[in-house]
Amino acid sequence: MRKFYFIVLKICPLIAFIYSIISNFVTMYISDGISFIYLFICIQLQLNWYTAWKIGKNVSTLKAENLNQSTILNIDYRRANSFISSERERKFWYCEKCRNYTRKMAIHCPLCEKCYHFRDHHCFFMGTCVLRQNMGNFILLCFYSSLSCLYSIFILGPYLYAHLNHFIRPESSNFNVLLSFCFPIALARFLFSDEESCLLLVTLFDALVATFCIGISYGSWKLYACLMGKQIYSFNIQKKESFTEIFGHYGLVNILFPFDSLVNFKYQNNCYLKEV
């Protein structure tokens, strides 16, 4: 059962990629053209996705040398969080999964199969862990995903309304109109009615609305948490971060073209380790 669970989590990035391709194709097909704004948003989404994934896969863990047995902690990654307060002064950590000693504080990700410094969580849809080094790309990924979904919603919404108009009475309230865009109602009409229900498009529309709400909410929270010092990384004290620390050294240029983190992630990783 555990193996099946890990397999499902491993294919989540592929599912997310297929979902993005389908939503992009449907949006461009319905709009009968490619908008420059939408194309720019889609490119930025994929760039930040790739950059965050690349950093997560290639970021290095600082190995320990010249060990002193009195400073070694044999840590079980499944119960790692219980050692945060009592063992913060430890200099070296041993991971039973990686079978390596690491300097400073690190935590093992069973899905990535490696240890990370400054780990926030594993993003199943991105396919790698979110770290302090790629947090800016992750936040931008959330925002660009939300913008992409919002654009698709404004394109798909009127199209669905026109095709579901035969279900909507002229005197219907706004609530009844919104019900026509819900998956359970569309499924019931598909099963028990001979008229067009647009089940697939309604399903896509609901998925876009859900993705928009989750992306804008989670991205905003992570940005706020970083700026206010409420962001907690694995085995790391809270610290307020500036926009430069989050999004890189090129400011707005790095937000529009996220190359800074990808080029300098090794340097950033070493600088962050020196802070602890």
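Scroll up for the structure.
In this text, all values refer to a predicted model and were calculated from it rather than measured experimentally.

(A) Representation of the overall build of the protein. When helices and strands are counted, the protein shows ten helices and seven strands. When the 276 residues of the protein are sorted by exposure, 44% land in the buried category. Restricting to contacts in the protein with at least 6 residues of sequence separation, those with at least 24 account for 61%. Carbon and sulfur atoms make up 65% of the accessible area of the protein, which totals about 15600 Å².

(B) Looking closely at the pattern of salt bridges. Taken as a whole, this structure holds four salt bridges when the rule is applied. Measuring nitrogen to oxygen at the nearest pair gives 3.7 Å for the salt bridge that ties arginine 132 to glutamate 241. Of this pair, arginine 132 sits in the loop between strand E7 (128-131) and helix H4 (135-163) while glutamate 241 sits in the loop between helix H7 (199-228) and helix H8 (243-247); the two residues are 109 residues apart in sequence, bridging distant segments of the chain. Both residues of the pair, arginine 132 and glutamate 241, count as buried.

(C) Representation of the side chain of asparagine 24 in the model. Within the element layout of this structure, asparagine 24 appears in helix H2 (residues 12-31). Beyond its immediate sequence surroundings of up to four residues, asparagine 24 is in contact with Tyr38, Cys42 and Ser148.

(D) Main features of the pairing of E7. Here four bridges tie strand E6 (residues 119-123) to E7, and the two strands are oriented antiparallel to one another. Following the sheet pairing, histidine 121 is matched in E7 by valine 130. In sequence, E6 turns back onto E7 through a hairpin of four residues, with glycine 127 there showing a positive phi of about 85°.

(E) Geometry of the packing of helix H3 (residues 36-58) against H4. For the pair H3 and H4, interaxial distance at closest approach is 9 Å and the crossing angle is 150°. Considering the angle they form, H3 stands roughly antiparallel to H4. Seen from above, H3 lies across H4 with left-handed handedness. Contacts between H3 and H4 pair Tyr38, Phe40, Ile41, Cys42, Gln44, Leu45, Asn48, Trp49, Thr51, Ala52 and Ile55 from the former with Asn137, Leu140, Leu141, Tyr144, Ser145, Leu147, Ser148, Tyr151 and Ser152 from the latter. A class-by-class count of the residues in the contact of H3 with H4 yields 13 nonpolar, seven polar and no charged.

(F) Local environment of the nonpolar core. Within the largest apolar cluster, 21 residues are counted, with the highest numbers of intra-cluster contacts made by Met126, Met135 and Phe138. Counting residues per element, this core draws most heavily on H4, which supplies seven residues. The next biggest cluster of nonpolar side chains, apart from the first, holds 15 residues, and it includes Val26, Leu164, Leu199 and Leu201.

(G) Structural context of the packing of aromatic side chains. All chains considered together, the criterion is met by six aromatic pairs. Positioned over the ring face of phenylalanine 118 is arginine 132, at 5.9 Å from the centre of the ring.

Here is what the cut-offs are and how they apply
Residues numbered from 1 in each chain as written. Predicted model: local features only at pLDDT ≥ 70, side-chain atom pairs only at ≥ 80, totals over all residues. Heavy atoms only, no water. Helix = DSSP H or I, 4+ residues; strand = E, 2+ residues; numbered from the N terminus. Buried < 20%, exposed > 50% of the residue type's maximum accessible area, 1.4 Å probe, protein only. Contact = heavy atoms within 4.5 Å. Areas by Shrake-Rupley, 256 points an atom, 1.4 Å probe, with all protein chains shown as cover. Salt bridge = Lys/Arg side-chain N within 4 Å of Asp/Glu carboxyl O. Pairing = 2+ DSSP bridges. Axes fitted to C-alpha atoms, helices over the stretch in contact; angles between N-to-C directions. Parallel < 35°, antiparallel > 145°, perpendicular 65-115°, else oblique. Left-handed = near helix turned anticlockwise from the far one by under 90°. Nonpolar A, V, L, I, M, F, W, Y, C, P; charged D, E, K, R; others polar. Core = buried A, V, L, I, M, F, W, Y, C linked by side-chain atoms within 4.5 Å. Phe/Tyr/Trp six-rings, centres within 6.5 Å; stacked < 30°, edge-to-face > 60°. Lys NZ or Arg CZ within 6 Å of the ring centre and 35° of its normal.

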